[in-house]
Amino acid sequence: MSANPSNYMTLTFASRSENEGFARVAVASFVSQLDPTLEELTDIKTVVSEAVTNAIIHGYEDVEDGEVTIYARIEADMLFLSVMDEGMGIADLDTARQPLYTSKPELERSGMGFTIMENFMDEVEVVSQVGKGTKISMKKRIESKKALYN
Amino acid sequence: MSANPSNYMTLTFASRSENEGFARVAVASFVSQLDPTLEELTDIKTVVSEAVTNAIIHGYEDVEDGEVTIYARIEADMLFLSVMDEGMGIADLDTARQPLYTSKPELERSGMGFTIMENFMDEVEVVSQVGKGTKISMKKRIESKKALYN
Amino acid sequence: MRLDVELQCIRRTLIVRLKGELDHHTADSVRLRMEEAIEQEDIHDVIVSLKQLTFMDSSGLGVMIGRYKQITAKGGKMIVCDVNPAVHRLFEMSGLFKIVTLLDNEEVALSSLGVVS
Amino acid sequence: MRLDVELQCIRRTLIVRLKGELDHHTADSVRLRMEEAIEQEDIHDVIVSLKQLTFMDSSGLGVMIGRYKQITAKGGKMIVCDVNPAVHRLFEMSGLFKIVTLLDNEEVALSSLGVVS
Ligand SMILES: Nc1ncnc2c1ncn2[C@@H]1O[C@H](COP(=O)(O)OP(=O)(O)O)[C@@H](O)[C@H]1O
Ligand SMILES: Nc1ncnc2c1ncn2[C@@H]1O[C@H](COP(=O)(O)OP(=O)(O)O)[C@@H](O)[C@H]1O
């Protein structure tokens, strides 16, 4: 039942908001083989939700024919997670990553997406090119519940 | 909340048995936007489990560096589901699809995988090439719970 | 993934109970339902109960901030209650807990507003 | 995805309670635990309780058929109880319900074997 090194999955889906919940569940189910705590699992679901939502509303501006790709890999107790879109990209990354900054206040965005990703993951790297798309690559060490009880 | 026509997802993962449960959960979560009954959801989970297990133990003979791909598409109330591997393929499809036939009795296989897929789905098509791999394509109409209550 | 919104008025206080998952996909319907209810002339304060909320992300924060602005523009207050630890962390991270009052449960929230239920 | 196997012996009857998901991934451990227990000289019959089984596929059928053969080779019986509708359909489809006795619950199964618990 224990996780051997290097299991992975790639998930691609239409840029539709009804897939946000599905994406969270899929990643959480994949990560559950690391036996994460409930808090870790919630963190990961939240991070997936933030990145996928951003791809859908910012990357593709709510047009449903785009594609969002999630890549997840487990190596020992490390989770590597990326979320990619081929949408409009981000011109100014420094501004975008600032807490409370949002380019869409009219949609009642809170501007907290990147801040949440940075708080819940150990590392967050953003690569983006205007007109080409955005890739968020993240890492998180999972403190297995097993370690607590054994 | 209702499912517009043509939402889809593609899921690729390592041919490891610990991914069987994950694959079931991911597909079930995707399909849940059609608001299936519990029985329909269980049928679909079972079918995913059968096809993915076959890819892993027959297609790749339990070698973990293969890849299994699931493609799911929703069009109105129809679910289109395929499970693919690039494993050893099936030489004699007619024999393989017979109830209780298994090429691996020593692993206590029941030989019921294909029969279950055929029973739980409306259509099952198998395309396989020895040395190239196998693709199972299935269809199922989901009788939405909504239809029952509205 | 679904979200149910339950609305109840007690005197001039609107109680909103959110049940399910609050994300970008469900945020719109929550916003619309709450917006409309808060617009009612006799509504002065809002209590949002998150007791049965199973998931929330920053899209949910956006809805909360939006409703906070709406009710304070009317001179009212917004109280959020039954906040689970995960949602609590989001409130802290965004600074929302500094402007919105967080209380244990509906009863405490109601009596803090001077409403006897 | 996990599966727990609980074993209990009452007289010469082995009770096996499966909890969780029985698929190809978990089948091996179930097979090994049951095989070993059935091999014990004083075990004559087996009752398998599926009350807390949340998922089963044809890999589970394989394990059941294997254990059925093992216990009948010893001259014993296998009874499966608390079978949910989904698993029941699998048993029907495979013809397993013709050879394995399906009963409502452990109590009924025990008394059908003449064991008073
Ligand atoms: N995938 C993306 N594609 C294009 N722009 C993005 C993407 N992700 C984030 N952004 C930009 O970064 C800004 C900040 O993102 P975030 O912190 O998640 O806040 P919010 O989503 O609430 O606006 C967004 O407003 C948007 O301008
Ligand atoms: N993906 C696959 N790749 C290669 N062979 C397969 C595949 N799926 C099924 N088979 C062949 O078809 C047979 C019947 O499959 P199935 O009905 O699922 O029974 P079982 O898995 O219990 O053997 C298998 O024993 C195997 O020989």
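Not measured: the values here are computed from a predicted model. (Residues numbered from 1 in each chain as written. Chains lettered and ligands numbered in written order. Predicted model: local features only at pLDDT ≥ 70, side-chain atom pairs only at ≥ 80, totals over all residues. Heavy atoms only, no water.)

A look at the sheet that holds strand E3 (residues 45–56) of chain D
Residue and element names in this part refer to chain D.
Thought 1: Strand order in this open sheet of five strands is E1-E2-E3-E4-E5, and the pairing throughout is mixed. Two strands in the sheet have a free side with no partner beyond their single neighbour: strand E1 (3–10) and strand E5 (101–103). Neighbouring strand axes in the sheet, compared pairwise and without regard to direction, differ in orientation by 20 degrees on average.
Thought 2: In this structure, strand E2 (residues 13–22) lies alongside E3, joined through nine bridges in parallel fashion. The partner of leucine 22 across the bridge, within E3, is methionine 56.
Thought 3: Docked against the sheet, helix H2 (residues 58–73) engages E2, E3 and strand E4 (78–81), running at close to 175 degrees with respect to E3. (Pairing = 2+ DSSP bridges. Helix = DSSP H or I, 4+ residues; strand = E, 2+ residues; numbered from the N terminus. Axes fitted to C-alpha atoms, helices over the stretch in contact; angles between N-to-C directions. Contact = heavy atoms within 4.5 Å.)

A short note on the confidence of the model for chain C
Thought 1: Confidence in the prediction of chain C, expressed as mean pLDDT, is 95, and 98% of residues score 70 or more.
Thought 2: The ipTM, which scores confidence in the relative placement of chains, is 0.93 for this predicted complex, and the corresponding pTM is 0.94. (pLDDT = per-residue confidence, 0-100.)

Topic: the packing of aromatic side chains
Thought 1: Summed over all chains, the structure comprises four aromatic pairs over all chains.
Thought 2: Summarising the aromatic geometry, the rings of phenylalanine 13 of chain A and phenylalanine 22 of chain A are spaced 6.0 Å apart at their centres and angled 75 degrees between planes, so their arrangement reads as edge-to-face.
Thought 3: Note on phenylalanine 13 of chain A: relative accessible area 0%, which makes it buried.
Thought 4: Judged by relative accessible area, which is 3%, phenylalanine 22 of chain A ranks as buried.
Thought 5: Residues phenylalanine 22 of chain A and phenylalanine 30 of chain B carry aromatic rings whose centres are separated by 5.2 Å and whose planes lie at 65 degrees to one another, so their mutual orientation is edge-to-face. Of the two residues, phenylalanine 22 of chain A is situated in helix H1 (residues 19–31) and phenylalanine 30 of chain B in helix H1 (residues 19–31); the pairing between them involves two chains. Grouping residues by exposure puts phenylalanine 22 of chain A and phenylalanine 30 of chain B together as buried.
Thought 6: Grouped by ring-pair contacts, the aromatic residues Phe13 and Phe22 of chain A together with Phe30 of chain B constitute a single cluster.
Thought 7: When the ring centre of phenylalanine 55 of chain C is taken as reference, the NZ or CZ atom of arginine 24 of chain A above it lies at 3.9 Å.
Thought 8: The ring of phenylalanine 80 of chain A is capped by arginine 73 of chain A, whose NZ or CZ atom sits 4.4 Å from the centre of that ring. (Phe/Tyr/Trp six-rings, centres within 6.5 Å; stacked < 30°, edge-to-face > 60°. Buried < 20%, exposed > 50% of the residue type's maximum accessible area, 1.4 Å probe, protein only. Lys NZ or Arg CZ within 6 Å of the ring centre and 35° of its normal.)

Brief notes about the site of ligand 2
All names here are of chain B.
Thought 1: The full set close to ligand 2 counts 18 residues, and Asn54, His58, Thr102, Ser103 and Gly111 are the nearest of them.
Thought 2: A distance of 2.8 Å is found between an oxygen atom of ligand 2 and a backbone nitrogen or oxygen belonging to glycine 111.
Thought 3: At the level of elements, helix H2 (38–59) and helix H4 (113–120) are the ones that each hand at least two residues to the shell around ligand 2.
Thought 4: The element that contributes the greatest number of residues to the shell around ligand 2 is H2, accounting for four residues. (Near = heavy atom within 4 Å. Polar contact = N/O pair within 3.5 Å; in protein donor to acceptor, adjacent residues only side chain to side chain.)

Focus: helix H4 (residues 113–120) of chain A
A turn of α-helix holds 3.6 residues, and therefore any two residues three or four places apart point the same way.
Thought 1: Of all eight residues making up H4 of chain A, six are buried, and the element is well covered by its neighbours.
Thought 2: Listing the buried residues of H4 of chain A in full gives Gly113, Phe114, Thr115, Ile116, Met117 and Phe120 of chain A.
Thought 3: Packing partners of the buried residues in H4 of chain A comprise helix H2 (38–59), helix H3 (93–96), strand E4 (123–129) and strand E5 (133–141) of chain A together with helix H2 (58–73) and helix H3 (85–94) of chain C.

Looking at the site of ligand 1
Residue and element names in this part refer to chain A.
Thought 1: Around ligand 1, 18 residues are found, and the nearest of them are Asn54, His58, Thr102, Ser103 and Gly111.
Thought 2: Side-chain polar atom of asparagine 54 to an oxygen atom of ligand 1: 2.7 Å apart, as the coordinates give it.
Thought 3: One of the backbone nitrogen or oxygen atoms of glycine 111 is found 2.8 Å away from an oxygen atom of ligand 1.
Thought 4: In the complex, the protein chains occlude 96% of the 530 Å² of accessible area that ligand 1 would expose alone. (Areas by Shrake-Rupley, 256 points an atom, 1.4 Å probe, with all protein chains shown as cover.)

Here we look at the relation of the copies chain B and chain A
Thought 1: Least-squares fitting of chain B to chain A yields an RMSD of 0.0 Å, with the transformation described by 0.0 Å of translation along the axis and a rotation of 180 degrees. Taken together, the rotation angle and the small translation identify this as a two-fold axis. (Least-squares fit on C-alpha atoms with pLDDT ≥ 70 in both.)

A look at the interface of chain B and chain A
Thought 1: With 24 residues of chain B at the contact, the number on the chain A side is 24 residues.
Thought 2: Both sides of the chain B and chain A interface together cover about 1,800 Å² of buried area, and 48% of this is carbon and sulfur.
Thought 3: The largest per-residue losses of area from chain B upon contact with chain A belong to Tyr8, Arg16 and Phe22 of chain B, which jointly make up 29% of the total buried on that side.
Thought 4: Inspection of the region where chain B meets chain A yields 10 residue pairs in polar contact (both at pLDDT 80 or more).
Thought 5: Of all the secondary structure elements, the ones that give two or more residues to the side of chain B that touches chain A are strand E1 (7–14) and H1 of chain B.
Thought 6: When residues of the side of chain B that touches chain A are assigned to their parent elements, the largest contribution, eight residues, is made by E1 of chain B.
Thought 7: Here the residues of the side of chain B that touches chain A are counted per class, giving 10 nonpolar, 10 polar and four charged.
Thought 8: With five bridges joining them, strand E1 (residues 7–14) of chain A and E1 of chain B adopt antiparallel strand pairing. Within E1 of chain B, the position partnered with threonine 10 of chain A by the bridge is threonine 12 of chain B. (Buried area = accessible area lost by both parts, 1.4 Å probe. Nonpolar A, V, L, I, M, F, W, Y, C, P; charged D, E, K, R; others polar.)

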